[in-house]
Amino acid sequence: MKIGIIGAGAVGLLYGGWLGKFHEVTMFPRTKEQARLLNEKGITVKGGMSPFTVSVKAQETPVSPGTQELVIVTVKQYDLSGAAAILKKMDTAIPVLFLQNGMGHLPLLEELPQERILVGTVEHGAARIDAVTVAQNGRGKTNLAFFRGNWEGIAALLETAPDVFPFRLLPDYEIMLLRKCFANAMINPLTAVLKVKNGLLLTNPHYANVFRAVFEELIALFPKLSRQEMWEEVTGICRNTKENESSMLKDVKKGARTEIDAILGFMLETAARKEKEIPVSAALYEMVKGMERRN
Ligand code: PAF
């Protein structure tokens with residue numbers, strides 16, 4: 001399958017590397033320089049498994065990823081408007097998969113002309129080492145759900161590499177994104193403020209107490225989510241990515257903008273709508289916003 005990937009940060013490189021083993025991948029990074037390096041060196045995926053390098057093609061965006069059979073958008077939620085401008089010029093029959101944290105991108109997807117839109121959630125831990133190298137710090141799966149339309153090519157994607165880089169198709173995109181947003185709301189702000197890897201939220205008993213307090217606040221907002229399933233899911237993600245620094249911690253360290261609004265901002269809006277207090281989460285939100293402002 002010909003797959004185009006818009007964005008070549010940690011997530012873009014991870015998907016480019018793994019999918020490049022089995023499909024014909026073209027990367028669309030933001031800069032000419034990264035496109036040149038990707039064409040020359042391919043993508044190297046390192047981590048807990050034997051490292052591998054695959055050849056990929058690359059073109060600097062805003063070249064239209066028009067001739068692809070699937071386009072995957074991996075840029076952060078707050079950078080989506082650039083990707084949306086490209087997608088608006090593309091053949092609307094080409095399916096597009098969005099891999100963003102949070103729920104904030106849904107209104108933008110509504111406006112796109114695409115006939116087939118999928119959304120996905122990423123459970124792998126990934127860290128960009130340089131323009132062509134990514135470390136996979138923990139292996140999970142990619143959950144997918146249709147946001148609009150249907151696509152029979154999904155079968156080929158699901159069968160790509162079920163044992164080493166699994167994809168799973170779920171029936172309800174809203175529940176899927178909510179569950180991931182919930183996990184990110186618990187893991188990302190706390191790890192960013194405490195400056196610790198994901199695993200420590202479970203193994204340090206004091207951090208674990210705060211982690212549990214955030215869980216209790218957030219689970220009370222969503223009576224539709226099963227308390228036990230959510231606890232198992234979030235602690236499972238923490239364990240699988242125990243050696244990973246969350247994307248929010250990485251952003252804070254780099255002095256970059258974080259996804260706090262798409263993640264905890266969404267939780268605070270939900271709490272306000274439901275007239276509930278979530279004081280620990282509200283404090284974490286302010287701390288991350290404060291760190292962003294300092295940078
Ligand atoms: O945002 C992140 O870092 C990731 O979604 C996850 C799964 C929490 C791993 O760090």
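This structure is a prediction, so every number in the text was calculated from the model and none was measured. (Residues numbered from 1 in each chain as written. Predicted model: local features only at pLDDT ≥ 70, side-chain atom pairs only at ≥ 80, totals over all residues. Heavy atoms only, no water.)

### Topic: the pairing of strand S6 (residues 70-73)
Working note: regular strand, side chains alternate between the two faces of the sheet. Applied cut-off: When accessible area is computed with a 1.4 Å probe and restricted to protein chains, residues below 20% of their type maximum are described as buried, those above 50% as exposed, and intermediate ones as partly exposed. For helices the rule is a DSSP run of H or I covering at least 4 residues; for strands it is a run of E covering at least 2, with both sets numbered from the N terminus onward. Note: two strands are recorded as paired if DSSP finds a minimum of 2 bridges between them. Viewed with both strands pointing away, a crossover whose connecting path from the first strand over the helix to the second turns clockwise is right-handed.
Side chains Leu70 and Ile72 of S6 all project onto a buried face; the interleaved residues Val71 and Val73 project onto the opposite face, where all are buried too. By the bridge criterion, 4 bridges tie strand S1 (residues 2-6) to S6 in an arrangement that is parallel. When the bridges of S6 are listed, isoleucine 3 appears paired with leucine 70. Where S6 meets strand S7 (residues 96-98), 3 bridges bridge the pair, whose relative direction is parallel. Pairing of isoleucine 72 across the sheet is with leucine 97, part of S7. You can see the chain leave S6, run along helix H3 (residues 80-88) and come back into S7, and the turn it takes is right-handed.

### Thoughts on the layout of surface pockets
Formally: Residues are said to line a cavity or pocket when one of their atoms sits within 4 Å of a point; the points come from a 1 Å grid over protein atoms alone, cavities being sets where a 1.4 Å probe fits but cannot get out and pockets being open sets with protein on both sides within 12 Å along at least five of seven lines. Grid points are joined across faces, edges and corners, and a volume is the space filled by probe spheres set on the points. Side-chain classes follow a simple rule in which Ala, Val, Leu, Ile, Met, Phe, Trp, Tyr, Cys and Pro form the nonpolar group, Asp, Glu, Lys and Arg form the charged group, and the remainder, Gly included, forms the polar group.
The space that makes up the largest pocket amounts to roughly 1100 Å³. What lines the largest pocket is a set of 49 residues, and nearest its centre among them are Gly9, Ala10, Val11, Thr74 and Lys76. Where the lining of the largest pocket is concerned, the elements lending two or more residues are helix H1 (10-20), H3, strand S8 (117-122), strand S9 (126-130), helix H6 (173-194) and helix H10 (247-254). Within the lining of the largest pocket, the residues separate by chemical class into 18 nonpolar, 21 polar and 10 charged. Approximately 300 Å³ is the volume attributed to the second largest pocket. Looking at the second largest pocket, it is lined by 13 residues, and the ones nearest its centre are Glu174, Ile175, Leu178, Phe222 and Lys224. Listing elements by their share of the lining of the second largest pocket, those giving two or more residues are H6 and helix H11 (260-273). Partitioning the lining of the second largest pocket into residue classes produces 7 nonpolar, 1 polar and 5 charged.

### As for the sheet that holds S8
Spatially, the 8 strands line up as an open sheet ordered S5-S2-S1-S6-S7-S8-S11-S12, and their pairing is mixed. A single partner strand is all that each edge strand has here, and the edge strands are strand S5 (57-58) and strand S12 (167-169).

### Quick word on the pattern of salt bridges
Between side chains of opposite charge, a pair can form as their charged atoms come close. Operational definition: We define a salt bridge as a side-chain nitrogen of Lys or Arg found within 4 Å of a carboxyl oxygen belonging to Asp or Glu.
Enumeration according to the criterion identifies 15 salt bridges in this entry. We note a salt bridge from glutamate 24 to lysine 57, for which the minimum N-O separation is 3.1 Å. Of this pair, glutamate 24 sits in strand S2 (residues 24-28) while lysine 57 sits in strand S5, and the two are 33 residues apart along the sequence. The class for lysine 57 is partly exposed, based on a relative accessible area of 45%. The partner of lysine 253 in a salt bridge is glutamate 245, and the shortest N-O contact between them spans 2.7 Å. Judged by relative accessible area, which is 51%, lysine 253 ranks as exposed. Using a relative accessible area of 21% as the deciding quantity, one classes glutamate 245 as partly exposed. Among the ionic contacts, a cluster of salt bridges with common partners joins Glu33, Arg36 and Glu40.

### Description of the nonpolar core
Put simply, the test is: Only buried residues count toward a nonpolar core, which is a set of Ala, Val, Leu, Ile, Met, Phe, Trp, Tyr and Cys residues joined through side-chain atoms within 4.5 Å. The split into domains, and so the bounds of each, comes from an automatic or database assignment of domains. The contact criterion used is simple: two residues touch if any of their non-hydrogen atoms lie within 4.5 Å.
Counting residues in hydrophobic clusters, the biggest one holds 61 residues, and the most contacted among them are Ile6, Val73, Leu87, Phe98, Phe182, Leu218 and Met267. With 12 residues, H6 is the largest single contributor of residues to this core. Residue assignment places this core across two domains, with domain 1 (2-171) and domain 2 (176-294) each supplying three or more. Ignoring anything within four residues of it in the chain, the contact list for leucine 218 reads Phe182, Ala185, Met186, Met267, Ile278 and Ser281. One finds Leu14, Met49, Val132 and Ala161 within the second-largest nonpolar core, a separate group that totals 39 residues.

### Quick word on the UniProt feature "domain: Ketopantoate reductase N-terminal" (unreviewed entry) in the protein
To keep things clear, this is the line we draw: UniProt positions are given in the numbering used here, feature names are shortened, and annotations may be inferred rather than shown by experiment.
Feature annotation in UniProt places "domain: Ketopantoate reductase N-terminal" (unreviewed entry) on residues 3-147, given in this structure's numbering. Helix makes up 25% of residues 3-147 and strand 32%, and the two end C-alpha atoms of the span are 19 Å apart.

### So, the environment of proline 62
Mapped onto the elements of the fold, proline 62 is located in the loop between S5 and S6. A relative accessible area of 63% places proline 62 in the exposed class.

### Quick word on the side chain of serine 281
Residue placement: serine 281 occurs in helix H12 (residues 279-294). A residue is classified by how much of its surface remains accessible, and serine 281, at 0% relative accessible area, is buried. With near-sequence residues (within four places) excluded, serine 281 lies in contact with Val214, Glu217, Leu218 and Leu264.

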